[in-house]
Structure formats: structure tokens, C-alpha cells
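Summary of structural features
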Amino acid sequence: MPTRTRPSVGWIGTGRMGYEMAARLARGGADVLAWNRTRAKAEPLAKYGARIAERLPELAACDIVFCMVAAWKDVKQVMGELLEGKRQPRMVIECSSISLEGSAELRQLLAARGIEYLAAPVSGNAKVIKAGKLSFVCSGPRQSFDEALPLLKMIAPAASYVGEGELARIVKICHNVFLGVVIQSLAEITVLAQKAGVPRHAFLEFLNQSVMGSMFTRYKTPAFVNLDFKVTFTPELLRKDMDLGLDAGRRLEVPMPLATLTRDLVQAMMGRGMKEDDFATLLLQQAQASGIELRPENVAVGDGLS
Ligand SMILES: NC(=O)c1ccc[n+]([C@@H]2O[C@H](COP(=O)([O-])OP(=O)(O)OC[C@H]3O[C@@H](n4cnc5c(N)ncnc54)[C@H](OP(=O)(O)O)[C@@H]3O)[C@@H](O)[C@H]2O)c1
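The following paragraphs examine the structure supplied in this document. (Residues numbered from 1 in each chain as written. Predicted model: local features only at pLDDT ≥ 70, side-chain atom pairs only at ≥ 80, totals over all residues. Heavy atoms only, no water.)

Next up on the list: the overall build of the protein. Scanning the protein from terminus to terminus reveals 11 helices and 9 strands. A compact globule built from 306 residues would reach a C-alpha radius of gyration of about 19 Å, and the protein, at 20 Å, matches this within 12%. C-alpha extents for the protein along the principal axes are approximately 65 × 45 × 35 Å. With 306 residues in all, the protein has 50% of them scored as buried. Summed over its atoms, the accessible surface of the protein is roughly 14300 Å², and 56% of this surface lies on carbon and sulfur atoms. Once the 38 positive and 32 negative side-chain charges of the protein are each reduced to a mean point, those two points are 3 Å apart. (Helix = DSSP H or I, 4+ residues; strand = E, 2+ residues; numbered from the N terminus. Rg over C-alpha atoms; globule rule 2.2 N^0.38 Å. Buried < 20%, exposed > 50% of the residue type's maximum accessible area, 1.4 Å probe, protein only. Areas by Shrake-Rupley, 256 points an atom, 1.4 Å probe, with all protein chains shown as cover. Lys, Arg positive; Asp, Glu negative; His and termini not counted. Charge placed at Lys NZ, Arg CZ, Asp CG, Glu CD.)

What follows concerns the packing of helix α7 (residues 200–209) against helix α8 (residues 215–226). At a minimum axis distance of 10 Å, the contact between α7 and α8 shows a crossing angle of 175 degrees. Comparing their axes, α8 and α7 come out roughly antiparallel. Between α7 and α8, the contacting residues are R200, H201, L204, L207 and N208 on the first element and T217, R218, T221, F224 and V225 on the second. Counted by class, the contact of α7 with α8 contains 4 nonpolar, 4 polar and 2 charged residues. (Axes fitted to C-alpha atoms, helices over the stretch in contact; angles between N-to-C directions. Parallel < 35°, antiparallel > 145°, perpendicular 65-115°, else oblique. Contact = heavy atoms within 4.5 Å. Nonpolar A, V, L, I, M, F, W, Y, C, P; charged D, E, K, R; others polar.)

Before going further, it helps to examine the nonpolar core. Judged by nonpolar contacts, the single largest core of 37 residues is most densely connected at I183, L204, F224, L238, F279 and L283. Listed by contribution, the elements that provide at least two residues to this core are α6 (167–195), α7, α8, α9 (235–252), α10 (257–271) and α11 (282–289). In terms of residue count, α6 provides more of this core than any other element does, 9 residues in total. Aside from chain neighbours lying at most four places away, what touches L204 is L186, T190, T221, F224 and V225. Counting 36 residues, the second-largest nonpolar core is a separate cluster that includes L25, L45, M68 and I93. (Core = buried A, V, L, I, M, F, W, Y, C linked by side-chain atoms within 4.5 Å.)

Residues I64 and F66 point to one face of strand β4 (residues 64–67) and V65 and C67 to the other, with burial holding for every one of them. Here strand β1 (residues 8–12) runs beside β4; their pairing, made up of 4 bridges, is parallel. Residue G10 lies in a different strand from β4, and its bridge partner there is V65. Where β4 and strand β5 (residues 91–94) come together, 4 bridges link them in parallel fashion. Bridge assignment links I64 to a residue of β5, and that residue is M91. In the classification by handedness, the crossover that spans β4, the intervening helix α2 (residues 72–82) and the parallel β5 is right-handed. (Pairing = 2+ DSSP bridges. Right-handed = clockwise from strand over helix to strand, strands pointing away.)

So, on to a nonpolar patch on the surface. Residues V162, L167 and V171 make up a contiguous nonpolar surface patch of roughly 210 Å² in combined accessible area. Its place among the elements puts V162 in strand β9 (residues 158–163). (Patch = residues over 30% accessible without salt bridge, like charges linked within 9 Å, V, L, I, M, F, W, Y side chains within 5 Å. Salt bridge = Lys/Arg side-chain N within 4 Å of Asp/Glu carboxyl O.)

And the structure:
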């Protein structure tokens, strides 16, 4: 159990997601010491009262350290640097979307040093975090989850505990496979409706209010209607997650025909050089394959978040 009411919190990784998550913690009054490989991206957190570390090992003196980087190789690297000295945190909360195997390796590494570990990947993009609608899925010792919950709740209203070990990782992987398949399907039907003569905004307005509409279809609507593909989640990160899903499917002998096809459509988009914009550019690939050229509709549409 925590010995202090206000634990010191280290935050590794202030990219698109990590920055907004750390900002909510700092704004909520947590004692945050943040580090990012590219320091300039962490510096604006100072306006919310966070301190910015020069070197990653400084965070080892914190009670609890969050990590939000990219892939397992990156998590491994930052954890190695965090623990290079004599000090160590009491608990690590790892939020990046990584494999079950990577997560299990991290658990072993931390257990060997007596550090508690909560796997805590998330659902939602940076805008969702800002809107206060992020969700965590967590696994590890129940006691660690209970201890971390007040901090998790400062970042996101929803934090589900799904059990011991790395179970949260497979839940997150399943979630993102669904994300990939859904956006590809949304791109297909939007282009189909448009080629038949229905403006995208009108089609999506109906869909969003139907039983098939969701927070996701609503917040992707402005991108689909006005072709604003400012990145929220890169094609590369989506491909990583589709690959994690297909790997798990192979290991557990679960056929995933829709995920397989979608993974290759993401790959095709990247092969065409469409790597830097948002993954919603799957819409543009679908339009090209359908022989139509999309233009922004310049219609004000809500994203359902504000
Ligand atoms: N974007 C989304 O909608 C979303 C939603 C849910 C989950 N996720 C997951 O959240 C994680 C972060 O995604 P993001 O969109 O925030 O990505 P991002 O904007 O590219 O940020 C990645 C962060 O990781 C750091 N990093 C990467 N490799 C590193 C290394 N080897 N050493 C040290 N730092 C390293 C980057 O540092 P630099 O700033 O120096 O590059 C940056 O802070 C990923 O696992 C992603 O799959 C993303």
C-alpha cells in the first residue's frame, strides 16, 4: 500500500499519447517528473507543474513510473536505461501497445528486482484523452491495480482490470485488430455510397446516428468528410498492432481472415508511400481502387468529442 498520499510519478515518453496523458496527471495535481528522448516535446508540460528530467535514470527515484513509447524494442531500451543505476521505482505502469511476449519479459525483468508491474495499454487517441474519454485495460497483481487506480482515474474515466499477467495485452491487441478492420470497412462503404451519388457527410451523418454508429465512427467523420489527415495514429503503428494480432492468432490457432486482408491493405498503403499521414488515409486508397478522386466537402461536422 502507498506510504504517501501523493506518490511521485515518473513519465517516460511524451509523444502524441504520452504528452496528453502526462498533462492530465500534472493538471490533476500529481507530482510528475517527465522524460522524453526529444526533450522539446516534454518541455510544455512544465506549464502544468510537471518537472522535466535531463536524463532518464533520474526517474528511477520516483515511486511509480509510467511508460508510453512505441514498440517492445523501445520499451526494452527505456527500461534498461531507467534501471541502470542503484535506485528503482516501486512500480512500473507500461501503457504502450506491445506483445504478450514483450510484456512477459518485462514482468520477469522487473520481478527480479522486486518492482511491481501493471500492464496498462489504452484505447483512444490524443483528442480522446483531451476530451476525458480514454480507457485503460489493466492486468497484473490486483493490489497493484488498486494502488494505481487513483492515478489512472486522473488520466482516464475508465480503467478495467482483466486479470493477472499479460491479459491486458491481448485485450488491447484484439481491440486494435477491430480498429483496423472497422476503418477499412468504413472506407469501403463510404466510397461505395459516394460513387452511387451520396455525399460523405450525409452518409456518415446517417451512419453515426444508426445502431452501427460509434464514438470511433463519429470522431473519424471530420477526416473522412473534409480529408484532414493530420496524424492521430500512424499506419506503421496500426501495422504493428495488426501483426501482433496475426501472431497471436497463429500461436493460438485462430483464423483471422478479415484481419489478414486488412493488414495487407495497410501494407499496400505504406508501400505506396502513404506513411506520414493518419491511418484514415485508407479512405484515399479505397477511392483510388474505385476509380474516383475525393475532394474535401468543406462541411462543418462534429467529432462527437467536444
Ligand atoms: N495514437 C493513438 O491513437 C494510440 C492509441 C492507443 C495506443 N497507442 C499506442 O501508444 C504508443 C504511443 O503512440 P503515439 O501515437 O503516442 O506515438 P508517437 O507520437 O510516435 O510517440 C512515441 C513516443 O515514444 C518515444 N520513443 C519511441 N522509441 C523510443 C526509443 N527507442 N527510446 C526512447 N523513446 C522512444 C518517442 O520519443 P521521441 O519524441 O523522441 O520520438 C515518443 O515520445 C504506441 O505503442 C501506440 O501503438 C496509440
